[in-house]
Structures are given as structure tokens and as C-alpha cells.
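Residues per chain, in single letters:
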Amino acid sequence: MKFIEIKNFTEDLISWQRAQGRHHLPWQVNRTAYRVWLSEIMLQQTQVSTVVDRYQSFLKRFPNIQVLAGSSVDDVLAEWSGMGYYTRARNLHKCAQVVVNEYDGNFPNDPLLLERLPGIGKSTAAAIAVFSYGVRAAILDGNVKRVLARIWGVGDDLSKSAAVKSLWAHAEQLLPNKSADLVSYTQGLMDFGATHCTQYQPVCMRLDKKECLFKNRCQANLSNKVNQIPLKVKKINVQQIEMDWWIYIYRGKVFLEKRPENGIWASLWSFPEQNIFNKNDAEKLNSVKHVLTHRHLKIHPYKILLSSQPKKIKVDQAWVPLGDALKLGLPKPVSAFLKSQDLAHDDA
Ligand code: SF4
């Protein structure tokens, strides 16, 4: 892959970020490695507007890495509830324990060491190193790949490792020489990808025709290929899954069980998928649809009001007062279901 010279890309991006980029996000103030790391992990698959609120509440509950490492993974999952991609929460917990046990509670500043920590990839490691320690390192997340591919007119399949390797090398060459510019440049790439050169409807294609500072240098724009870059070739096989929920209610309590450590909603609390108490008087409720990245779920809920509480239950099962259930780590459709039903007034 050959990269033509795009005049003043780095300088112009830095100036743009200083004048028009984002400066007031909660993780941009008091930039400690802990706060930067947390924001980077949250932002991986969640929109900024959602992260702004959830970030503050996470920090309130786990104000520093020692508190996070000393908490149970259940507490972390409960705080993460509703944000999806729960592997992130499990890795946050594991990573906190490694940093406390092996690095005395301080994140290393070497991107290669950061990359070895649970849940931290190469781009996230670079972002933490730049924002927390001013280390010279290049980021290349999905947004940055798109920006670079469009401006340089890279029409290759970016799921191929050779293309990604080449983009990494290019991203490293583009880094500013002055260390004082590193933060603005890195933040500029993030801001530009998130607000201007977006996946759908980048500013150059919007009806209001907002100006893009690179419009006369962007190869995708000049060749009318903005919609075709980056190339989308990856086919996602979507699995259709049907599942039952058996919702047992007894005197204001709901029966929940912890899901296995692997698979859908790993380690979160949910309703049993089998009629484990062998009851015949179930009320069939409206089906619930839920879409995951590679799976479309159709859930069939059955409600059963019990007149006595089965005593024999397993370790990862619990009768939970309805008022407390939402404090657990629950999959999004389970919490939405609990909020939508007036189960508190149900009784046999
Ligand atoms: S001209 Fe369009 S595609 Fe090119 S950098 Fe600007 S917003 Fe992105």
C-alpha cells in the first residue's frame, strides 16, 4: 500500500482540534491513567453521550484502582449493567487486579506493557500512554482507520492483516514531532472520526454541507468514493436464537440464576431457561426480541406465581426481592423486562 503525501495533515488536525475539537468531556479533566483507561474501555463500544453519565457513576462507585480491584466481579457487572459487551467489565476487574498486584496500583507507561494487560489492545494502550504519560504512540481504532483510509484513498480490505499493518506504519509516521502536540493530535483523530468523518453521513455528504478541512485533499472525496471507503467485505453470519424465560415469583421476590462464564451474557443474572420447578400453571407473556452483534434473540417469557418457595436451590441461584433485582448485573432485556412489568403486585 502506498501513501501519497497529504500536505500539512498533522498540523491542520492539531489546529482544528484546538479550535473546534472536544475539550470538556469528563475524562479530559484530571487525566490520570485510571480515568483515561476507564474512559477508553467504555468508549470502545458505547456512544459518548451514554458514557458521559455512566463514567461518572462508575467513578463514584469505584473511585480508584484499589477499590475496583478489591470489589467483586459481580459488583462491577452490576455497575456495568445495560452497557453491553460485558467482557469489557470482566476485563476491567481482572486488569485492575493485575495493576494493583504487579504494578503497585500504577499503570505502566510503556505501550507494550499496557498491551499485555487484560482487555487492552494496541490502540487503547497507545491512547492511555499518550493521554496519561505523554508517550509518543500511535492510535488506530476503527474511527482512525476510516479517517486515514478515506483521506489517503485506501480501498483495500481492512480486515486483512497486511492492510492493517500498513495503516499502523502510516499512523506512526503521521505522529507530530513535538511532544507538546501529541495530546491534541491524538484527541483530534478521535474527535474528527467521531464528529466529522463519521461512518455514515460524514460532513462532506450531509445536506448542510458543513465544511471539512480536508475536502480538497481527501482522496475518497476527490474520487467520489466516500461511500466505498473503507471497503466492507466482512459478512456477519447472524444466528437466530429462540429461548424461554421461566419467571418465578414468590411474595415480591423473583428467582434469578447466574449464567455460565462463557456464552451469551456470561456471568450475568437472568431467568432460568428451563422450567426447573416443573410447574404447569405458567402464563405465557408477549415475546421479547433482542438484537446482539451476531445473534437475533426471540425470547418467550413464562410467568409463574408460586404459593411456596422452593427451598433447594443451587449456589448460583437466588430469590431476589424485586426492588433489589435491578441492582444486580443483568442483561439489558432482563432489566428492561423487570422495569416494564408490575411483578411486585403479583402473588399466588
Ligand atoms: S472529505 Fe469527507 S470523507 Fe474526506 S475526510 Fe472530510 S469528511 Fe471524511
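In this text the structure is predicted, and so the values were computed from the model without any measurement. (Residues numbered from 1 in each chain as written. Predicted model: local features only at pLDDT ≥ 70, side-chain atom pairs only at ≥ 80, totals over all residues. Heavy atoms only, no water.)

**Student:** Would you mind going over the UniProt feature "domain: HhH-GPD" (unreviewed entry) in the protein chain in detail, with residue names and values included?
**Tutor:** Here, UniProt's "domain: HhH-GPD" (unreviewed entry) annotation points to residues 42-195. Spanning residues 42-195, this segment combines 65% helix with 0% strand, and its end C-alpha atoms are found 18 Å apart. (UniProt positions renumbered as here; feature names shortened; annotations may be inferred. Helix = DSSP H or I, 4+ residues; strand = E, 2+ residues; numbered from the N terminus.)

**Student:** Would you mind going over the packing of helix 2 (residues 33-43) against helix 3 (residues 48-61) in detail, with residue names and values included?
**Tutor:** Interhelical geometry of helix 2 versus helix 3 gives an angle of 140° and a closest axis separation of 10 Å. It follows from the interaxial angle that helix 2 and helix 3 lie oblique. The chirality of how helix 2 crosses helix 3 is right-handed. For the pair helix 2 and helix 3, contact is made by Y34, R35, L38, S39, M42 and L43 and by V48, V51, R54, Y55, F58 and L59, respectively. (Axes fitted to C-alpha atoms, helices over the stretch in contact; angles between N-to-C directions. Parallel < 35°, antiparallel > 145°, perpendicular 65-115°, else oblique. Left-handed = near helix turned anticlockwise from the far one by under 90°. Contact = heavy atoms within 4.5 Å.)

**Student:** Please set out the side chain of H93 residue by residue, giving values where relevant.
**Tutor:** Tracing the backbone shows H93 in helix 6 (residues 87-103). Excluding residues that lie within four positions of it along the chain, H93 makes contacts with L68, A69, S71, S72, V73 and V76.

**Student:** Please set out the environment of D244 residue by residue, giving values where relevant.
**Tutor:** Structurally, D244 is set in strand 1 (residues 239-250). For the pair D244 and H93, spaced 151 residues apart in sequence, the C-alpha to C-alpha distance is 31 Å. Excluding its chain neighbours within four sequence positions, the residues that come into contact with D244 are P272, E273, H300 and Y302.

**Student:** Which residues make up unusual backbone geometry, and what values do they have?
**Tutor:** At the junction of I229 and P230, the peptide bond is cis and its omega measures out at 0° in the coordinates. Position of P230 among the secondary structure elements: in the loop between helix 12 (219-222) and strand 1. Despite not being glycine, R251 shows a phi value in the positive range, around 45°. Considering the arrangement of structural elements, one finds R251 in the loop between strand 1 and strand 2 (253-258). Owing to a relative accessible area of 61%, R251 belongs among the exposed residues under this scheme. (Buried < 20%, exposed > 50% of the residue type's maximum accessible area, 1.4 Å probe, protein only.)

**Student:** Can you break down the packing of aromatic side chains residue by residue, with the values?
**Tutor:** Applying the stated rule across the entire model yields 19 aromatic pairs. Ring centres 4.8 Å apart and planes at 50° place the aromatic pair F58 and F62 in the tilted group. Take F58: its relative accessible area is 1%, and that puts it in the buried class. Ring centres of F277 and W319 lie 6.4 Å apart, and the angle between their planes is 10°; on these two criteria the pair is classed as stacked. A residue pair is termed long-range when its members are at least 10 positions apart, and F277 in the loop between strand 3 (269-270) and strand 4 (283-284) and W319 in strand 7 (residues 317-321) qualify at 42 residues. (Phe/Tyr/Trp six-rings, centres within 6.5 Å; stacked < 30°, edge-to-face > 60°.)

**Student:** Lay out helix 1 (residues 9-20) in plain terms, naming residues and giving numbers.
**Tutor:** The end-to-end C-alpha separation of helix 1 is 16 Å, in line with the 16 Å expected for twelve residues at 1.5 Å each. Inspection of helix 1 places F9, T10, L13, I14, W16 and Q17 among the buried residues, and these make up the whole buried set. Looking straight down helix 1, one finds its buried side chains confined to an arc of 165°; they lie on one side. In this fold, the buried residues of helix 1 make contact with helix 9 (142-151) and helix 11 (182-196). (Expected span 1.5 Å × (residues − 1). Arc of directions from axis to C-beta.)

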